[in-house]
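The residues making up each chain are set out below.
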Amino acid sequence: MFADQTWLARAIWLALAGVVLFALVEGRLELAFVALGTLALSFAPVVVARWTDVHVPPSFIAALVIFVGATLFLGEVYDFYERFWWWDMVMHGASAVGFGLIGFVLVFMMFQGDRYAAPPVAVAFFAFCFAVTIGTAWEIFEFFMDQTFGFNMQKSGLMDTMGDLIVDAVGAFIGAATGFGYLKGQARGGLAVLIDEFVRTNPRFFRRLRRK
């Protein structure tokens, strides 16, 4: 399952493993912990996909690896959240788009790929709500960590939280709109390629699919 992934994902995994070893040798336990956590979380989707016998496109896995690495490793170790004001916005927006696509695929699977039975507006609305809900849950997690352990994940408090939720909503809309266009037969290229690849490589979940 490692060999099936893109060279970029494999390079990032190897780099993170190297950082873990380096940090342990140097006695930098905090760096080792963050690098190991990033490595585990970025590799987890591959393990889960293998366990559930679901084929996740390597391009989507690569995007997840980049996102997890940028959020945890670059964000926390190299303090990108403080160094670049736009870093948090990009991370939230990208994750919301991804969860919007995941929400769409989950509902499309319920219809077994029947484009004509799946109401595009309703499916897109669910995808949007799914992504926004995940974003909201993350903000609750940040609040819990700040209040319980004295972290500063919310940064400026209310302004940071509301800004993140607004960006989440925009990203969720983009992901849901991609799914809507896919059902209407109007989405070509771009993010729709991920949907197409997932459908093509997991035919058992889309038995009623009829190509237009």
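Residues numbered from 1 in each chain as written. Predicted model: local features only at pLDDT ≥ 70, side-chain atom pairs only at ≥ 80, totals over all residues. Heavy atoms only, no water.

A. Summary view of the side chain of T178. If you trace the backbone, T178 turns up in helix α7 (residues 158-183). In this structure the side chain of T178 is engaged in a polar contact, spanning 2.9 Å, whose partner is the backbone oxygen of I174. (Helix = DSSP H or I, 4+ residues; strand = E, 2+ residues; numbered from the N terminus. Polar contact = N/O pair within 3.5 Å; in protein donor to acceptor, adjacent residues only side chain to side chain.)

B. Focus on the environment of A122. Within the secondary structure layout, A122 lies in helix α6 (residues 120-149). Residue classification places A122 among the partly exposed positions, given a relative accessible area of 40%. Each C-alpha atom, one on A122 and one on A96, is 18 Å from the other, the two residues being 26 residues apart in sequence. (Buried < 20%, exposed > 50% of the residue type's maximum accessible area, 1.4 Å probe, protein only.)

C. The arrangement of the pattern of salt bridges in detail. Going through the model one piece at a time under the given rule, you end up with 1 salt bridge. Of the charged contacts in the structure, one is a salt bridge between R204 and D53, with a shortest N-O distance of 3.8 Å. Residue R204 is found in the segment after α8 (192-201), and its partner D53 is found in the loop between α2 (29-52) and α3 (58-77); the two are separated by 151 residues along the sequence. (Salt bridge = Lys/Arg side-chain N within 4 Å of Asp/Glu carboxyl O.)

D. Inspection of the packing of aromatic side chains at higher detail. Enumeration according to the criterion identifies 15 aromatic pairs in this entry. With 5.9 Å between their ring centres and 85° between their planes, F108 and Y182 make a pair best called edge-to-face. Separated by 74 residues along the polypeptide, F108 in helix α5 (residues 87-110) and Y182 in helix α7 bring together distant segments of the chain. The residues F108 and Y182 share a single accessibility class, namely buried. When the centroid spacing of 6.3 Å and the interplanar angle of 25° are considered together, the rings of F126 and F130 count as stacked. In this pair, F126 and F130 both sit in helix α6, 4 residues apart, roughly one turn of the helix. Through successive ring pairs, a cluster of aromatic residues spans F104, F108, Y182, F198 and F206. One Lys or Arg, R115, reaches over the ring of Y182 and ends 4.4 Å from the middle of that ring. (Phe/Tyr/Trp six-rings, centres within 6.5 Å; stacked < 30°, edge-to-face > 60°. Lys NZ or Arg CZ within 6 Å of the ring centre and 35° of its normal.)

Read these as geometric descriptors, not functional statements.
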